[in-house]
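Coordinates in review
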Amino acid sequence: MTLFKKNSFYDFAYKRFKKNKLAVIGAAVTLLFVVMAIFAPLIAPYEPSEFFFVEGQNVYNKYAPPSDGHLLGTDSLGRDVFSRLIYGARVTMMVALLAVSISTVIGTFIGLITGYFGKLVDAIFMRIVDIVISFPVLFLLISISTIMKPSIWIVIFAIGFVSWTSTARLVRGEVLRVKQLDYIVAANACGSSSLKIILKHILPNILAPIMVQITIGTAQAILMEASLSFLGVGVQQPTPSWGNMLMDAQKLLVLRDMPWIWIPPGIVNLLLVLAIYFVGDGLRDAFDPKQ
Amino acid sequence: MLKYIARRLLLSIPVIIGITILSFIIMKLSPGDPLANFINPSISMEDLEISRQALGLNDPLFVQYFKWIGQVVRGNFGYTYSGNHSISGLILERLPNTIILTLSAFVLSFVLGIPIGVIAAVRKNTRVDYGLTFFSLVGVAIPSFFFGLLVIYFFALVLGLFPSGGMINIRAGYTGYAYFKDVLHHLILPAIVLSLGNIASVSRFTRSNMLDVLKEDYIRTAKAKGLRNKAIVYKHAFRNALIPVVTIFGLSIPFLFSGAYITESIFNWPGMGQLGITAIQNREYGIIMALNLITATLVLLGNLTSDILYAIVDPRIRH
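Bear in mind the structure is a predicted one, so any value in this text is a computation, not a measurement. Here, residues in each chain are numbered from 1, in the same order as that chain's written sequence. Here every chain gets a letter starting at A, and every ligand a number starting at 1, in the order they are written. Reporting of local features is limited, given that this is a predicted model, to residues whose pLDDT is at least 70; pairs of side-chain atoms are given and counted only at 80 or more, and all residues count toward the totals for whole chains, interfaces and linings. Where side-chain values are given, they derive from all heavy atoms of the structure, hydrogens and water being excluded.

Observations concerning the pattern of salt bridges
Salt bridge, as used here, is a side-chain nitrogen of Lys or Arg placed within 4 Å of a carboxyl oxygen of Asp or Glu. Scanning all chains against the criterion turns up 10 salt bridges over all chains. As a salt-bridge pair, A:Arg284 and A:Asp281 come within 3.7 Å of each other at their nearest N and O atoms. Highlighted residues: A:Arg284 and A:Asp281, both in helix H13 (residues 259-287), separated by three residues, approximately one helical turn. Burial classification: accessible surface area is computed with a 1.4 Å probe over protein chains only, and a residue below 20% of its type maximum counts as buried, one above 50% as exposed, and the rest as partly exposed. The partly exposed category is assigned to A:Arg284, whose relative accessible area is 41%. Under the relative-accessibility criterion, A:Asp281 is labelled buried at 17%. Notably, a salt bridge pairs B:Arg207 with B:Asp129, separated by 3.0 Å at the nearest N-O pair. Of this pair, B:Arg207 sits in helix H7 (residues 176-214) while B:Asp129 sits in helix H5 (residues 127-141), placing them 78 residues apart in sequence. Beyond isolated ion pairs, a larger network of salt bridges with shared partners links A:Arg127, A:Asp130 and A:Arg169. The secondary structure listing takes helices from DSSP runs of H or I that are at least 4 residues long and strands from runs of E that are at least 2 residues long, numbered from the N terminus.

Pasting the structure below:
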């Protein structure tokens, strides 16, 4: 396969990545979930918010155990758990990807300018980073989502605006390292503008660690969304999310007697996050020529 | 050394001011009128306006900020909308319970995390290493609430080994040693759940540090001298690998406090996290903000302490 230019940095990284079994498995599982999210309407047997009735009666078919009609049973409102699980993948991934895009753009921008310009800009922004990381992530997220009317967009923006700090610190560190290399000094001596140096010479050379950070960040965003939705301040009913599907398990009765309601969404959540972490670890090792 | 500590202290002053400003802004943005509780059909708009004036709600924002911060410094966080309880009273009541839980989880994560990391590093690329590394990754990847529910399901509901929630057995009315044993019995499951993610990150971090140190020249020298493998690992490598682990002390604090929110609400542990969850449900913004401010300050102090500890154990950092 000629995905990358032969013998380039990315070509070597790709070859190293392919040799890492766990990373390849992780990538495959992640891809599977992506396919599931994209083709949700084709895979899911029912609509996620469709209510089912007990046959011949005008009563919702609540808490039905798994059967042929409902592979994973029904939930507290008589909705098909399996269908909600499939559609939940869409919600989870959309939230995570958009949130990570926001945090990556903000974090990379701030990391680049603080690392490159230093001095006052650096001092001010790094203090802002200090302030934001002093608030435990979940606290800040909860505050934001309680103030605004909870919606999927608020969740996305809240996660994005809370988690840019680690990207900013990472990019800043990388810029500080690259800035001292000879070719940057040479570009400076040739009179290149700061903008050109940052965008053309620095950014392409620190993409690898940013890509690792995006992968890990996606996994973390999925966990954050799940926690928020579980606590009731994230994705709201009737939209299914793997986090809010577990809310019902806070009732002891559901927890003890109806494992089909809460175990499947927990498992898929764990699987997806684990798979993405494997990819992230694999990328990190692949990009590190010392390995 | 003193100079370094003084510099770190000075640098944290703007941060702490920033924390209070951010808390204040979030509180001001929250919906709802502080006077909403006093509104009844018999009160006129003019009277409302007069009380607004009297309460200082018409002052410019920065004046309100300074009045608020003046009270906060004295430990007064205001009163709840419903019932008019003192917020600082509510928090003080629950702070010790949260500290018991987070401190146990903190100790647990280092007591278990460091040995796991060291063993994985020493047995690099063996089954033991793969097993432990896989376990750590699962620990980082599992949503804490899902792990909590699993633990309750198996250990409390199916096996009946531990209580499913709460901090004491209220009906038993234990005192003295029996009380201590009862709390410990209730503490075990939530402490394990809260520490899992942290155990995982401590062990991953210890493993990679240990591997770095084992590549150092002085380890090769020790080997060349004919030292036994045990002596090399535990006397030379282990000590040096532990130094950076100090930085995780500080990082653990926000992680554990965040986690306490979820763990406490799953296990009905009567701490600040559970107070926060109830506050969210009842839209008690005053409580949420006070909790935010207190934890942010604790986290800042935690980071400061770990930075200073790091500088003490590793003199290279000071420069």
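Once you've had a look at it, read on.
A look at the interface of chain B and chain A
On the chain A side, the residues contacting the 46 residues of chain B number 41 residues. Two parts placed together each lose some accessible area under a 1.4 Å probe, and adding up what both lose gives the buried area. In this assembly, chain B packs against chain A so that about 3900 Å² is buried in total across both faces, 80% of it on carbon and sulfur atoms. Summed over the three residues of chain B that lose the most area to chain A, namely B:Phe145, B:Phe146 and B:Leu149, the buried surface amounts to 15% of that side. Where chain B packs against chain A, one counts one salt bridge. With a closest N to O distance of 3.3 Å, B:Arg204 and A:Asp281 form a salt bridge. Any N or O atom pair separated by 3.5 Å or less is treated as a polar contact, with the protein-specific requirement of one donor-capable and one acceptor-capable atom, and with residues adjacent in sequence counted only for side-chain atom pairs. Scanning the region where chain B abuts chain A turns up one residue pair in polar contact (both at pLDDT 80 or more). Any two residues whose heavy atoms approach within 4.5 Å at even a single point are treated as in contact.

As for helix H3 (residues 61-73) of chain B
All names here are of chain B. The end-to-end C-alpha separation of H3 is 18 Å, in line with the 18 Å expected for 13 residues at 1.5 Å each. What H3 keeps buried is the set Gln64, Tyr65, Trp68, Ile69 and Val72. Seen along its axis, H3 keeps its buried residues to an arc of 130°; they face one direction. Counted as exposed and oriented over 90 degrees from the buried face of H3: Phe66 and Val73. On its buried face, H3 sits against helix H1 (2-29) and helix H12 (285-313). Phi for Gly75, located one or two positions after H3, is positive at around 85°. Working rule for helices: expected span equals 1.5 Å times residues minus one. The arc refers to the directions leading from the helix axis to the C-beta atoms.

Considerations on the packing of helix H4 (residues 87-122) of chain B against helix H10 (residues 245-267) of chain B
Residues and elements named next belong to chain B. Axis definition: a line fitted to C-alpha atoms, limited for helices to the stretch in contact. Angles are taken between N-to-C directions and run from 0 to 180 degrees. Running from N to C, H4 and H10 point in directions that differ by 130°, and their axes come no closer than 9 Å. Considered as vectors, H4 and H10 are oriented oblique to each other. Judged by the twist between their axes, the crossing of H4 over H10 is right-handed. Of the residues in H10, those in contact with Thr98, Leu101, Thr102, Ala105, Phe106, Phe110 and Ile114 of H4 are Val245, Ile248, Phe249, Ser252, Leu256, Phe257, Ala260 and Glu264. Residues are grouped as follows: nonpolar covers Ala, Val, Leu, Ile, Met, Phe, Trp, Tyr, Cys and Pro; charged covers Asp, Glu, Lys and Arg; every other residue, Gly included, is treated as polar. Split into classes, the residues belonging to the contact of H4 with H10 amount to 11 nonpolar, three polar and one charged. Each angle receives one of four descriptions, namely roughly parallel if under 35 degrees, roughly antiparallel if over 145, roughly perpendicular if within 65 to 115, and oblique otherwise. For a crossing to be left-handed, the near helix must be turned anticlockwise from the far one by less than a right angle; the clockwise case is right-handed.

Looking at the environment of B:Pro254
Within the element layout of this structure, B:Pro254 appears in helix H10. B:Pro254 sits 45 residues away from B:Val299 along the chain, and the two C-alpha atoms are 5.8 Å apart. Sequence-distant contacts of B:Pro254, that is, excluding residues within four places in its chain, are made with A:Pro136 and B:Val299.

Looking at the environment of B:Phe146
Checked against the element boundaries, B:Phe146 lands in helix H6 (residues 144-158). Take B:Phe146: its relative accessible area is 1%, and that puts it in the buried class. Between the alpha carbons of B:Phe146 and B:Val193 there is a distance of 9.7 Å; along the sequence they are 47 residues apart. Aside from chain neighbours lying at most four places away, what touches B:Phe146 is A:Leu246, A:Trp262, A:Ile263, A:Gly266 and A:Ile267.

Looking at the domain arrangement of chain B
Residue and element names in this part refer to chain B. A domain assignment, automatic or from a database, supplies the domain bounds used here. Per the domain assignment, the segments of chain B are domain 1 (2-73) and domain 2 (89-318). Between the C-alpha centres of domain 1 and domain 2 there is a distance of 34 Å. With 16 residues of domain 1 at the contact, the number on the domain 2 side is 13 residues. When domain 1 packs against domain 2, the two sides together hide about 1300 Å² of surface, and 82% of this comes from carbon and sulfur. Among the residues of domain 1 in contact with domain 2, Tyr4, Arg8 and Ile19 are the three that bury the most area, contributing 38% of the side total. Seen at the junction of domain 1 and domain 2, the total is one salt bridge. A salt bridge links Asp307 to Arg8; the shortest N-O distance between them is 2.5 Å. Taken together, the connections running from domain 1 to domain 2 amount to one residue pair in polar contact (both at pLDDT 80 or more). The set of elements that each furnish at least two residues to the side of domain 1 that touches domain 2 consists of H1 and H3.

Digging into the confidence of the model for chain B
All names here are of chain B. Summary of the metric used: pLDDT quantifies the predictor's per-residue confidence within the range 0 to 100. Across chain B, pLDDT averages 83, with 95% of residues at or above 70. Averaged pLDDT values for the elements of chain B fall to 74 in helix H2 (residues 45-55) and rise to 90 in H4. Both scores are available for the predicted complex, with the pTM at 0.86 and the ipTM at 0.86.

With respect to the nonpolar core
When a protein is soluble and globular, its nonpolar side chains tend to lie buried together. Nonpolar cores were defined as sets of buried Ala, Val, Leu, Ile, Met, Phe, Trp, Tyr and Cys residues, with membership established by side-chain atoms within 4.5 Å. Core analysis: the largest hydrophobic core is formed by 120 residues, its most contacted members being A:Trp242 and A:Trp262. Discounting residues that sit within four places of it in the chain, A:Trp262 has contacts with A:Leu246, A:Ala249, A:Val254, A:Leu255, B:Phe146, B:Leu149, B:Leu150 and B:Tyr153. Counting residues in each nonpolar core, the second largest holds 16 residues, with B:Met210, B:Leu211, B:Val213 and B:Ile219 among its members.

Regarding unusual backbone geometry
Although it is not a glycine, A:Lys119 sits at a positive phi angle of roughly 50°. Looking at where A:Lys119 falls in the secondary structure, it is placed in helix H5 (residues 119-134). Under the relative-accessibility criterion, A:Lys119 is labelled exposed at 75%. Residue B:Asn125 is not a glycine yet carries a positive backbone phi of 60°. Overall, B:Asn125 belongs to the partly exposed group, its relative accessible area being 47%.

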